[in-house]
Amino acid sequence: MKLNLEQILPDSDSSFRFLLTPKLNEVFYWHFHPEIELVYVEADKGIRHIGEHISTYEGCDLALIGSYIPHLNFDYGVKATVETVVIQFPETYFEGGLVRIPELKKVVDLMERAKTGLAFTGETKRIAGVRLKKLEHLDRFHQFMELMSIFHFLAESDEYVDLDVRPISSQTILKQQERMHRIHQFVEANFQKTIDTQQIANEVNLSLSAFCRYFKKTTKLTYTDFVNQYRVQYAKKLLIQDKNVTETCFESGFESLSYFNRIFKKWTGESPSSFRKQRLK
């Protein structure tokens, strides 16, 4: 699970880099860079893996990632075409002259908060996504002005989650992040099989007891809960695709229909049949 230091250069005649739908869904790209990154993605379902934070998103996602924070490309593993907008700009972008501009104070504060990663939710990510997708139609000057306006919009929003991840600052942190990434890859490949905590402990070269302590401290979940949460996310996708509850249960890795119903309700607040009925109206 090699971690790559990405070399980034601004676009010609621009102070930042603008990428539109880079089509990396078949590429496993675990990487980091000094540049701050704003990324918006539209997909039925995908993985958000930023530092030690691992979760799934549905429909769309918007994140602001600080300097030197390892992250996986948001379209990795998504089968359909993924619409993505990525903005990358130097870590010193809002230092020097810009930091002294009063009108940009909220934006400068936003960048300070982004040092540990931010994910935006609700209408904020939807509206910002619409605006980001329109940047390609603007000239460089108006791209810059609109980007500052989008940053200000995000700075004023209270629809966000602090991911509380750490940039790479030592080999210990790097090792922890790489270990969590290996765990996630293992779960992705094996979630439909019987949960074997000893097997994943062996995979990351820890004793069973050491792995359980490490995993609970890092994620606040047991390994079984983590796998079941992943299974439920997968089950939701199947139910939306009009799979029946029994098919969904076993395709998602559960060995008992009653256990599936109980775990699904634990993580979603409703039964699989109710969830399916509501989404297929």
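Residues numbered from 1 in each chain as written. Predicted model: local features only at pLDDT ≥ 70, side-chain atom pairs only at ≥ 80, totals over all residues. Heavy atoms only, no water.

One way to put it is that helix α7 (residues 223-240) packs onto helix α10 (residues 272-279) with a least axis distance of 9 Å and a crossing angle of 45 degrees. Here α10 runs oblique to α7, going by the angle between their axes. As for the relative orientation of α7 and α10, their crossing is right-handed in sense. For the pair α7 and α10, contact is made by K236, L239 and I240 and by P272, F275, R276 and R279, respectively. A class-by-class count of the residues in the contact of α7 with α10 yields 4 nonpolar, no polar and 3 charged. (Axes fitted to C-alpha atoms, helices over the stretch in contact; angles between N-to-C directions. Helix = DSSP H or I, 4+ residues; strand = E, 2+ residues; numbered from the N terminus. Parallel < 35°, antiparallel > 145°, perpendicular 65-115°, else oblique. Left-handed = near helix turned anticlockwise from the far one by under 90°. Contact = heavy atoms within 4.5 Å. Nonpolar A, V, L, I, M, F, W, Y, C, P; charged D, E, K, R; others polar.)

We now examine the environment of Q143. Note on placement: Q143 falls in helix α3 (residues 140-156). Spatially, the C-alpha atoms of Q143 and F18 are 9.6 Å apart, while their sequence positions differ by 125 residues.

Locating I8 in the fold gives a position in the loop between β1 (4-5) and β2 (17-20). Accessibility expressed as a relative area gives 11% for I8, which makes it buried. Here the alpha-carbon distance between I8 and P34, two residues 26 residues apart in the chain, equals 8.7 Å. Here I8 is in contact with R17, H33, E35 and Q88, once residues within four sequence places are set aside. (Buried < 20%, exposed > 50% of the residue type's maximum accessible area, 1.4 Å probe, protein only.)

Attention now moves to the UniProt feature "domain: HTH araC/xylS-type" (unreviewed entry) in the protein chain. Feature annotation in UniProt assigns "domain: HTH araC/xylS-type" (unreviewed entry) to the following positions: residues 181-278. Helix makes up 74% of residues 181-278 and strand makes up 0%, while its end C-alpha atoms are separated by 34 Å. (UniProt positions renumbered as here; feature names shortened; annotations may be inferred.)

Here we take up the pattern of salt bridges. All chains considered together, the criterion is met by 13 salt bridges. E58 is the salt-bridge partner of K236, the closest N and O atoms lying 3.9 Å from each other. Here E58 lies in strand β5 (residues 53-65) and K236 lies in helix α7, a separation of 178 residues in the sequence. Among the ionic pairs, R131 bridges to E146, the shortest N-O distance being 2.8 Å. With R131 in helix α2 (residues 122-133) and E146 in helix α3, this residue pair connects regions lying 15 residues apart in the sequence. (Salt bridge = Lys/Arg side-chain N within 4 Å of Asp/Glu carboxyl O.)

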